[in-house]
Amino acid sequence: RLAQEGIQYIVPHMTKRILSANMDDFCGCIKLGFTPFDSFSEKFQEGLKELTPGSFIVTLEGFEKDVAKKMYLTMWRRTNNCVNCFVTKIEMEAMLSKMRALGYVSKKEDEEVKSGESAGKEPAVEEKMDTSS
């Protein structure tokens, strides 16, 4: 079974059980619990269906060879057409943060902006310490 820790050292030597995903599919992989195949794009679903049950790696398109960015996820393919992400919560949050830094906005965040849900919220104001005395 593959482990997320140190995966950037193993990926350059892997030739099988590695899938490349677009931003939406990659973001869809970063979830707790089981994610059904039908929540991904058809191209990604085809790759998942070709895999036998067990661990595999998902790389973000464009970052397959960029080991320094570490845009890899260790996943588990189940027999019931579901996948499970084997990444800690804190690392999931870090991956999502990296994706936002690359300019990615998840569909959920995009829908909130379009519907105006986040428009009514006031932005957080940072309190500054008075150092003038």
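Provided above is the structure to which this section pertains.
Source: prediction; values computed, not measured.

J.: Even after reading the chapter, I still don't get the sheet that holds strand S2 (residues 34–36), so can you show me in this structure?
T.: Consider a sheet: its strands pair through backbone hydrogen bonds, and that pairing is either parallel or antiparallel. Taken together, the five strands give an open sheet; going across it, the order is S1-S3-S4-S5-S2, and neighbouring strands pair in mixed fashion. Edge positions in the open sheet fall to strand S1 (18–21) and S2, since each of these has one partner strand only. Between one strand and the next, the sheet's axes are offset by a mean angle of 35 degrees, whatever the strand orientation. Sheet topology note: the strand S4 (residues 72–77)/strand S5 (residues 82–85) ladder contains three bridges and is antiparallel. The residue bridging Arg 77 from the neighbouring strand is Val 83, located in S5. Across the sheet, helix H3 (residues 42–50) touches S1, strand S3 (54–60), S4 and S5, and the angle it forms with S1 is around 170 degrees.

J.: Just to check I follow, could you spell out the nonpolar core for this structure?
T.: Nonpolar side chains tend toward joint burial in soluble globular proteins. Phe 26, Phe 44, Leu 48, Phe 56, Val 58, Leu 73 and Met 75 are the most contacted members of the largest nonpolar core, which totals 25 residues. Broken down by secondary-structure element, the contributors of at least two residues to this core are S1, helix H2 (23–29), H3, S3, S4, S5 and helix H4 (89–101). Among all residues touching Met 75, those that are not within four sequence positions of it are Cys 29, Gly 54, Ser 55, Phe 56, Val 58, Val 83, Asn 84, Cys 85 and Phe 86. Counting six residues, the second-largest nonpolar core is a separate cluster that includes Ile 7, Val 11, Met 14 and Ile 57.

J.: Please clarify how the packing of aromatic side chains should be interpreted in this entry.
T.: The geometry of two aromatic rings is summed up by the distance between their centres and the angle between their planes. Counted by the stated rule, this structure contains two aromatic pairs. Ring centres 5.1 Å apart and planes at 65 degrees place the aromatic pair Phe 40 and Phe 44 in the edge-to-face group. For the pair Phe 40 and Phe 44, one class covers both residues: buried. Look at Trp 76 and Phe 86: their rings are 5.8 Å apart centre to centre, the planes differ by 25 degrees, and that puts the pair in the stacked class.

J.: Sorry, what's going on with the pairing of S3 here?
T.: Side-chain positions along a regular strand alternate between the two faces of the sheet. Burial analysis of S3 places seven of its seven residues in the buried class, the great majority of the element. Where S1 and S3 come together, four bridges link them in parallel fashion. In the sheet register, Leu 19 faces S3, and the bridge partner there is Val 58. Here six bridges tie S3 to S4, and the two strands are oriented antiparallel to one another. Directly across from Ser 55, in S4, lies its bridge partner Trp 76.

Cut-off values and rules
- Residues numbered from 1 in each chain as written.
- Predicted model: local features only at pLDDT ≥ 70, side-chain atom pairs only at ≥ 80, totals over all residues.
- Heavy atoms only, no water.
- Pairing = 2+ DSSP bridges.
- Helix = DSSP H or I, 4+ residues; strand = E, 2+ residues; numbered from the N terminus.
- Axes fitted to C-alpha atoms, helices over the stretch in contact; angles between N-to-C directions.
- Contact = heavy atoms within 4.5 Å.
- Core = buried A, V, L, I, M, F, W, Y, C linked by side-chain atoms within 4.5 Å.
- Buried < 20%, exposed > 50% of the residue type's maximum accessible area, 1.4 Å probe, protein only.
- Phe/Tyr/Trp six-rings, centres within 6.5 Å; stacked < 30°, edge-to-face > 60°.

Keep in mind that these numbers describe shape and distance, not what the molecule does.
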